[in-house]
Amino acid sequence: AVVSTQSGHYGRALLPSHFTLHLDNLKLPVNISATFHSTDYNTWVDKPTGYAWTGTGVTQMLEVTKLERTNGKMEFSATRIAPYTSATLLPHIVKASVDVKFFSGSVSKDVVLNVGESTNFTCTIKGADLTKEVKWMLGYGSSYNGTLKNVTTYDKTKDETVSILTTPKSLNSSTSFICMATDFKATAYLWYFSVTGHNATTTSGESTVLGCRAVGAKKAATKIYWETMDKGVKKQYNSTNTASGMAIKNEPYDSTKGLHISTMTISTPLQDHTYTCKMDIDGIAVQAITYLDVVEISAENRAVIKGKDVNVTATVSSITNDVARFAYFKHGAMIYNLENHMMKASVLSGGKQTFHVTHHHVMMDDTWEFGLNMTADPLIPNTGANFKKTIKIDVVDVSVTHGEGTAGSAQTFTCTVTGAQASPTFLWKVDGSPLSNTADTEGAFDAATGKKISTLVVPSGGGTISADTKLECVAEVYASVFTLPSYYDVFSISLTEAKVLKGNTASLTCKIENAMEETVNKIKWYRDSTELAPSSFTTTYSSASSTSVLRTTVTTETDHQYSCVIGSSKSVAKVDAFSVSCTNGAAKSGSAATITCTFSNYDGSPSVTWDLESGTYEATNTGNTKRIVEIKSLTKDMNVTMTISSPDGNNQKYSAYAYVRGLVAHNTQAIAGTQVSLTCHIRGLSAKPQEVYFMDGSKKEKSTDCDSALIPLL
C-alpha cells in the first residue's frame, strides 16, 4: 500500500497478502508483523503505542487479542515525524491493512472394508485456497511404507479446497488417515475385520477389566460369550450368566466401524488366569484369548546420608508378561522411564523385574512415586489402570564410637542414628560374627529428632578384652543398610620415673606398644592434674612401638607426677627433682685429693659413677646424701665428672675440679731481643710466702711483687 503524505513525500507499508486462521484451533493472542518504509526521512514514531523505529525499514508487531468469526481487514498505522523543526511540516499518519480470512474443514466418515479392497476419503476445507498446504499421512502404528495418492483442487466460486485420498489395496490391518493443512487436522479411520483381546495386569484384590473387540464386521454378532477352565472344567459366561465377583457387558454394535465390544470386570482377582472371548458373526465363530496377570508391587522407602546418592528401587513380581514399558518413576514433575532412558530395568526372570533410578546428592527428605501405567485400549471402555507406590527418601546421619585400652579392660560402644523418619534397627558384629539381638541395649526412638542409640559393652557376656577386636555396627533404616566399622585397639602404655637435677631439662618418654595410629594421636600429657599443651611434647607413630616425648625444665626441687593418657588408659611416673653441691679437691703433686658431693631432696640412694681424666680413684658412700671420690695421686689439674643414674636412662651429670696445690710456674714466649715477664704463683697454701725468687742456673732474682692475690685459695 502506497500512501501519500504532505509536501509530496511518500511512505509505504509492506504486509502479507492474507492470513489463514483455523477457528477450531485458534489460540489468542495472535502476532502479525508489518514493515514500514520511508522514501525520504528515517524516523518513524508510533504515537499511540510508544514504539519507535530508526532506519528505512522497521517492523512493528501487532498483537491481536480479539477476532470475530468473520472475514475482514486489520488496519496498521504509524506516525511519521520530520527530522527537522518546521512549523509548516506536521506529523503524518501512514496506514495499511491486511486481509484476515477464516476457514473450516472436515473429513469423510470412517469406512469398513474387507482385506484387498480400497476406498476414497475426502477432506474439504471451506473458506480458503489451501491446495499447496494440504497433505495426508498415516496414523501412528501403521506399517505401510508406500506413497499415499491424493488429488487436491480449489473451487473459486465456492471458496473451497477439496482433497481426495485413495487408500492402498495392500493394507491388511486397520489404520487411520490424517488430513492436515496449516494448523487444521482431521482423522478418518479405515477398519478391516479383526478380533483382538485386551489383557489386564492388576495387583491382588484390585478390580480390573478384560476386554475383546471385533472391528470391520459387516453384521452384528449373534452370540458373545466368555470361556475359561475352572479346576479342569470348562465353563462359559455371558452378560446374563456370570460367576461371583464377575460382570460381563456387551456394547451395542457400531455399524460405522463394524465394531463389537465385550468387557469382563473381575472385582477381586487373586491369581493369574486365562479367559477366551468368543463371538459368532455372520455364521463365523471368532475368538480372542486374554490373560489376567495378577502382580505384586513392592517399593521400599530408602535412607541416605546427606549429600550422597541413593538408588530408588521398586520390584514387580508374579509377572506373566513383561511390564517394563509400562513402568515409571516420578519425582516432582519429572518422569523417568525406559523411553527417555532415565530408568533402568532388569531382565524378566522368575516372574520378577526390578526397576531403579539414582537420586544424586540428596540434601533433604524427599518422596518418589513408582507406578505401572497400563495402556488402555482406545476402543474398549474402562481398560487400562495406573498402580502407584510412594517411596520416601529419608536423610539421616549415622555414627559409631571407637575404643582403645590396655589388655584386661572392657569398653562401651555406641551407634547413633539421627534424622530418621522411622525407628532404626541395629545389629553388632565382633570380628565378623554377628551378636545376638540381646547383646546390645537400644534406647527409645525419639520421633521428634529421629534419634536412636544402640549401646554395646565388649565383651558382651562379661570379662575383659585381651587382643585387638574389630567391630561393625549395622544400622537399618527403611530398606537402607549402613555398615559402620569400629574397633577396640588393645595396646600397652608405659612411662618410667626420672631423676632430674635442678636446672636440667627432663625428657620423659611415653612408650605405646602395638597401637593404631588413630589411638596414638589421642595421647595427652598431664603434670599432676593439669593438662599440658600439645606443643610441649612430640609424638612419633610406628606400627610396632610409638613414642611421645615430653621435655620440661626443672627449676625447683619440687617433685611432680607426670602421666601420659590415651582414653581411659594411662601411665604415671614421678619426676624426682634434686640438687647437688660438690667441694673441689686439692693436693700437693703426687698426693691424694678428695672430692665430696652432697645430695639434697633425692629420693632413695643415688647411684653414681666417676669419670677422671687420668689416674686411679676410690669411691665411697656416706648414707643417701654424700658421694666421695679420692684421687690416689694427683699430678695435674683435672675435671672430674659424676654421672647420676636415672631409672628412665636419662642420666644426670655433675662436674667438680681437682687441682695440684703449691708452686705453679707459667711458660711464656717472646721475640729475641725483647723484654719478657715471667710469672709464677702459689695456690692452696694457708699463709703468704715469705720469699719468692726466680732462678736461672745459679743466678737468683727476687720479685718485689708478692701480692696475696697471686695466692688463690681455690
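Before any of the text, the structure's been laid out above.
Values in this document were obtained by computation on a predicted structure and should not be read as measured data.

Novice: An account of the overall build of the protein chain is needed here, citing residue identities and associated values.
Specialist: Regarding its fold elements, the protein chain presents one helix and 60 strands. For the protein chain, buried positions account for 39% of its 714 residues. Of the contacts formed within the protein chain by residues at least 6 apart in sequence, a portion of 61% connects residues at least 24 apart. Accessible surface, the protein chain: about 38,800 Å² in total, of which carbon and sulfur atoms supply 49%.

Novice: Pulling in residues and values, what's your account of the pattern of salt bridges?
Specialist: Once the charged atoms of two side chains with opposite charge are near each other, the side chains can pair. Counted according to the given criterion, the structure contains 13 salt bridges. For the salt bridge of aspartate 603 with lysine 574, the shortest nitrogen-to-oxygen distance reads 2.4 Å. Of this pair, aspartate 603 sits in the loop between strand S52 (591-600) and strand S53 (608-612) while lysine 574 sits in strand S50 (residues 569-583); the two residues are 29 residues apart in sequence, bridging distant segments of the chain. Glutamate 630 serves as the salt-bridge partner of lysine 632, at 3.3 Å between the closest nitrogen and oxygen. The partly exposed category is assigned to lysine 632, whose relative accessible area is 37%. Taken together, the shared-partner salt bridges in this structure form one network comprising Asp110, Asp254 and Lys257.

Novice: Break down the layout of surface pockets for me, citing the residues and quoting the values.
Specialist: As a volume, the second largest pocket reaches approximately 520 Å³. Lining of the second largest pocket is provided by 27 residues; of these, His198, Asn199, Arg325, Phe326 and Thr375 occupy positions nearest its centre. Residue composition of the lining of the second largest pocket, grouped by class: nine nonpolar, 13 polar and five charged.

Novice: Before we move on, can you summarise the sheet that holds strand S44 (residues 505-513) with the specific residues and values?
Specialist: Read from one edge of the open sheet, four strands run S42-S44-S48-S47, paired in antiparallel fashion. Each end of this open sheet is capped by a strand with a single partner; those strands are strand S42 (492-495) and strand S47 (537-540). Geometrically, the sheet is characterised by an average inter-axis angle of 15° between neighbouring strands, direction not taken into account. Taken together, the four bridges between S47 and strand S48 (residues 545-553) define a ladder with antiparallel strand orientation.

Novice: Pulling in residues and values, what's your account of the nonpolar core?
Specialist: Formed by 27 residues in total, the largest nonpolar core has its most connected members in Val316, Phe329, Phe355, Phe370 and Leu372. Secondary-structure elements contributing two or more residues to this core are strand S25 (284-298), strand S27 (310-317), strand S28 (327-331), strand S31 (352-359), strand S32 (366-374) and strand S33 (385-400). Not counting the four nearest positions on each side in its chain, phenylalanine 355 is found in contact with Val312, Thr313, Ala314, Val316, Val323, Ala324, Ala327, Phe329, Met343, Lys344, Ala345 and Phe370.

Parameters and conventions
- Residues numbered from 1 in each chain as written.
- Predicted model: local features only at pLDDT ≥ 70, side-chain atom pairs only at ≥ 80, totals over all residues.
- Heavy atoms only, no water.
- Helix = DSSP H or I, 4+ residues; strand = E, 2+ residues; numbered from the N terminus.
- Buried < 20%, exposed > 50% of the residue type's maximum accessible area, 1.4 Å probe, protein only.
- Contact = heavy atoms within 4.5 Å.
- Areas by Shrake-Rupley, 256 points an atom, 1.4 Å probe, with all protein chains shown as cover.
- Salt bridge = Lys/Arg side-chain N within 4 Å of Asp/Glu carboxyl O.
- 1 Å grid on protein atoms, 1.4 Å probe; cavity = no way out; pocket = protein on both sides within 12 Å on 5 of 7 lines; lining within 4 Å.
- Points joined across faces, edges and corners; volume = space filled by probe spheres on them.
- Nonpolar A, V, L, I, M, F, W, Y, C, P; charged D, E, K, R; others polar.
- Pairing = 2+ DSSP bridges.
- Axes fitted to C-alpha atoms, helices over the stretch in contact; angles between N-to-C directions.
- Core = buried A, V, L, I, M, F, W, Y, C linked by side-chain atoms within 4.5 Å.

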